[in-house]
Amino acid sequence: MASPSVTIGIPVYNGAAYLDKALASIAAQSFQDMEILVSDNASTDSTPEIIAQWAAKDNRIHVHRQQANVGARNNFIWLLENAAAPWVKFAAHDDMLPSGYVDALYGLAKAHPEARLIAASVQLIKPDGTIYKDTPFPV
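Rules and cut-offs
Residues numbered from 1 in each chain as written. Predicted model: local features only at pLDDT ≥ 70, side-chain atom pairs only at ≥ 80, totals over all residues. Heavy atoms only, no water. Helix = DSSP H or I, 4+ residues; strand = E, 2+ residues; numbered from the N terminus. Buried < 20%, exposed > 50% of the residue type's maximum accessible area, 1.4 Å probe, protein only. Contact = heavy atoms within 4.5 Å. 1 Å grid on protein atoms, 1.4 Å probe; cavity = no way out; pocket = protein on both sides within 12 Å on 5 of 7 lines; lining within 4 Å. Points joined across faces, edges and corners; volume = space filled by probe spheres on them. Nonpolar A, V, L, I, M, F, W, Y, C, P; charged D, E, K, R; others polar. Patch = residues over 30% accessible without salt bridge, like charges linked within 9 Å, V, L, I, M, F, W, Y side chains within 5 Å. Areas by Shrake-Rupley, 256 points an atom, 1.4 Å probe, with all protein chains shown as cover. Salt bridge = Lys/Arg side-chain N within 4 Å of Asp/Glu carboxyl O. Arc of directions from axis to C-beta.

A.B. asks: So what exactly am I meant to see when it comes to the environment of A92 here?
C.D. replies: For A92, the position within the fold is in the loop between β4 (87-90) and α4 (101-111). Note on A92: relative accessible area 31%, which makes it partly exposed. The sequence separation of A92 and V122 amounts to 30 residues, and the corresponding C-alpha distance is 12 Å. Apart from the residues within four sequence positions on either side, A92 is in contact with I10 and A22.

A.B. asks: Explanation requested: the layout of surface pockets in the structure shown.
C.D. replies: It is a probe the size of a water molecule, rolled over the atoms, that shows where empty space is left. Taken as a whole, the largest pocket spans an internal volume of roughly 1100 Å³. Among the elements of the structure, β1 (6-12), α1 (16-27), β4, α4 and β5 (122-125) are those that each provide at least two residues to the lining of the largest pocket. Examining the composition of the lining of the largest pocket, we find that five residues originate from one element, α4, more than from any other. Tallied by class, residues from the lining of the largest pocket come to 24 nonpolar, three polar and six charged.

A.B. asks: Can you help me understand a nonpolar patch on the surface in this one?
C.D. replies: Side chains of V122, L124 and Y132 sit close together on the surface and give an oily, nonpolar patch of about 260 Å² of accessible area. Note that L124 resides in strand β5.

A.B. asks: Can you walk me through α4 in this structure?
C.D. replies: Spacing of three or four residues puts side chains on the same side of an α-helix, whose turn is 3.6 residues. Among all positions in α4, only Y101, V102, L105, Y106 and A109 are buried. One side of α4 carries all its buried residues, which in axial view fall inside an arc of 115 degrees. Of the exposed residues in α4, the ones pointing more than 90 degrees away from its buried face are K110 and A111. Those residues of α4 that are buried lie in contact with β1, β2 (34-40) and β4.

A.B. asks: Explain the pattern of salt bridges here, please?
C.D. replies: If the charged atoms of two oppositely charged side chains come close together, the side chains can form a pair. As enumerated under the stated definition, the model contains two salt bridges in all. In this structure, the salt-bridge partner of D40 is R65, at a minimum N-O distance of 2.5 Å. Here R65 lies in strand β3 (residues 61-65) and D40 lies in strand β2, a separation of 25 residues in the sequence. In this structure D40 comes out as buried when scored by relative accessible area, which is 1%.

Below, the structure written as C-alpha cells:
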C-alpha cells in the first residue's frame, strides 16, 4: 500500500472533553489520502476509549499509546518521527477542522513545492461555539 500524502498528527493527554468532536471533524474531511496518527500520552481519563472507538470505525486512524507520560514535546516528536506522509499537520485534541481544510492546505503545498510550512488562519472558539479571537495568517 502506498504512503498517504498527509499525516494528521494528534498528540493528546487527557483530552476526552473535546476529542470526539475533534476526531469527527478530521475524519469528515473531503481529503481522503491521509492517515490520522494519534499519540496518547498515557491519558488517565476516557481518552483511550474514545480513540479506540474512532479507530474501530475508520481505518485511517492509527493509535499509539505511550507507556508513561513522555511530556508534550516528546509526544510531538514521536508523531513527527512516525508519520507516514511527507506532509504533516498537527491537530490538538480540541481542534475542529472546517470542511475542506486539509484539501486547501494540501492544494497550497502542491502549488508551492518549495514551501516547507503552510499555515492557515485560526479561530479561537468558546465552549458555547462563539468565536472570541480570529487570527489570520498572511498569505
